[in-house]
Amino acid sequence: MSDLAGLSFEAASAELDDIVAELESADVDVDRLVERLQRATLLVEELDRRLVATRTQVDELLPRLRRAASQVDPETGEVLEG
């Protein structure tokens with residue numbers, strides 16, 4: 001399993017930011033260039049996968065939340081019958 005699975009979204013994003021800053025610097029280590037680009041690619045793919053999965057979950061949960069909210073009286077907070 002990839003070590004990316006153990007990273008939080010924020011940690012993966014921060015690592016990607018660090019790599020981008022490194023690649024944009026004037027003193028890029030040519031010997032590590034391909035290695036850093038490969039790692040950046042893996043990070044982008046993982047972050048995208050997580051965003052898509054989260055969006056799918058949100059899309060599935062929102063209708064349920066709307067249905068539940070429509071069954072509550074907004075003034076009293078009591079559950080409506082029917």
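Numbers given to residues run from 1 along each chain, matching the order in which its sequence is written. Local features in this predicted model are restricted to residues whose pLDDT is 70 or higher, and side-chain atom pairs enter the listing and the counts only when it is 80 or higher, whereas totals over whole chains, interfaces and linings include all residues. With hydrogens and water set aside, each side-chain value is computed from the structure's full complement of heavy atoms.

1. Concerning the overall build of the chain
Alright, step 1. The secondary structure listing takes helices from DSSP runs of H or I that are at least 4 residues long and strands from runs of E that are at least 2 residues long, numbered from the N terminus. In terms of helices and strands, the chain carries two helices and zero strands.
Alright, step 2. Computed over the C-alpha atoms, the radius of gyration of the chain is 22 Å, more than 25% above the 12 Å expected from 2.2 N^0.38 for a compact globule of 82 residues.
Alright, step 3. Referenced to the eigenvectors of the C-alpha coordinate spread, the extents of the chain come out at roughly 70 × 25 × 15 Å.
Alright, step 4. For every residue, the accessible area obtained with a 1.4 Å probe (protein chains only) is divided by the maximum for its type, and the residue is called buried under 20%, exposed over 50%, and partly exposed between those limits. In the chain, which comprises 82 residues, the share counted as buried stands at 13%.
Alright, step 5. Long-range pairs, those at least 24 residues apart, make up 57% of the contacts in the chain between residues at least 6 apart in sequence.
Alright, step 6. The method behind every accessible area is Shrake-Rupley, applied with a 1.4 Å probe, and residues are considered shielded solely by the protein chains displayed. Accessible area for the chain stands at about 6,600 Å²; split by element, carbon and sulfur atoms hold 55% of it.
Alright, step 7. Distance from the positive charge centre (9 side chains) to the negative charge centre (20 side chains) of the chain: 6 Å. Atoms counted for the radius of gyration: C-alpha only. Globule rule: 2.2 Å times the number of residues to the power 0.38. Throughout, a residue-residue contact means that at least one pair of heavy atoms, one from each residue, lies within 4.5 Å. For this count, His and the chain ends are skipped, Lys and Arg are scored as positive, and Asp and Glu as negative. Positions of charges follow a simple convention, taking NZ of Lys, CZ of Arg, CG of Asp or CD of Glu.

2. Things to note about the side chain of arginine 50
Alright, step 1. By the element assignment, arginine 50 lies in helix H2 (residues 33–70).
Alright, step 2. Any pair of N or O atoms that falls within 3.5 Å is considered a polar contact. Within protein, one atom must be able to donate a hydrogen and the other to accept it, and sequence-neighbouring residues count only if both atoms are side-chain atoms. In this structure the side chain of arginine 50 is engaged in a polar contact, spanning 2.8 Å, whose partner is the side chain of glutamate 46.
Alright, step 3. Once residues within four sequence positions are removed from consideration, arginine 50 is found in contact with Leu4, Ala5, Leu7, Ser8 and Phe9.

3. Comments concerning helix H1 (residues 9–24)
Alright, step 1. Helices are assigned an expected span. That span is 1.5 Å times one less than the residue count. The terminal C-alpha atoms of H1, which comprises 16 residues, lie 22 Å apart, in line with the 22 Å expected from a rise of 1.5 Å per residue.
Alright, step 2. If you check which residues of H1 are buried, you get Ala12, Leu16 and Ile19. One face of H1 carries all of its buried residues, which in axial projection span an arc of 60 degrees. Opposite the packed face of H1, turned more than 90 degrees from it, sit the exposed residues Glu10, Asp18 and Glu24.
Alright, step 3. Buried residues belonging to H1 abut H2. This arc describes the spread of directions from the helix axis toward the C-beta atoms.

4. Structural notes on the environment of leucine 42
Alright, step 1. Of note, leucine 42 is situated in helix H2.
Alright, step 2. Linking leucine 42 and leucine 16, residues 26 residues apart in sequence, is a C-alpha distance of 9.5 Å.

5. So, the packing of H1 against H2
Alright, step 1. An axis is simply a line fitted to the C-alpha atoms; with a helix, the fit covers only the stretch in contact. Between two such axes, the angle follows the N-to-C directions and lies from 0 to 180 degrees. Running from N to C, H1 and H2 cross one another at 145 degrees; their axes reach a closest spacing of 10 Å. Where H1 crosses over H2, the two elements pack in a sense that is left-handed. The residues of H2 that touch H1, namely those facing Phe9, Ala12, Ser13, Glu15, Leu16, Ile19, Glu22 and Leu23, are Leu33, Arg36, Leu37, Arg39, Ala40, Leu43, Val44, Leu47, Arg50 and Leu51. Crossing handedness is read from the near helix: turned anticlockwise from the far helix by less than a right angle, it gives a left-handed crossing, and turned clockwise, a right-handed one.

6. Looking at the pattern of salt bridges
Alright, step 1. Salt bridge, as applied in this entry: a Lys or Arg side-chain nitrogen positioned within 4 Å of an Asp or Glu carboxyl oxygen. Summed over the entire model, instances satisfying the criterion amount to seven salt bridges.
Alright, step 2. Across the salt bridge formed by arginine 39 and aspartate 3, the nearest N and O atoms sit 3.1 Å from each other. Placement of the pair is arginine 39 in helix H2 and aspartate 3 in the segment before H1, with a sequence separation of 36 residues.
Alright, step 3. Ionic pairing is found between glutamate 35 and arginine 32, a salt bridge with its closest N-O pair at 3.7 Å.
Alright, step 4. The class for glutamate 35 is partly exposed, based on a relative accessible area of 43%.
Alright, step 5. In the salt-bridge network here, residues are joined through shared partners; they are Asp3, Glu15 and Arg39.

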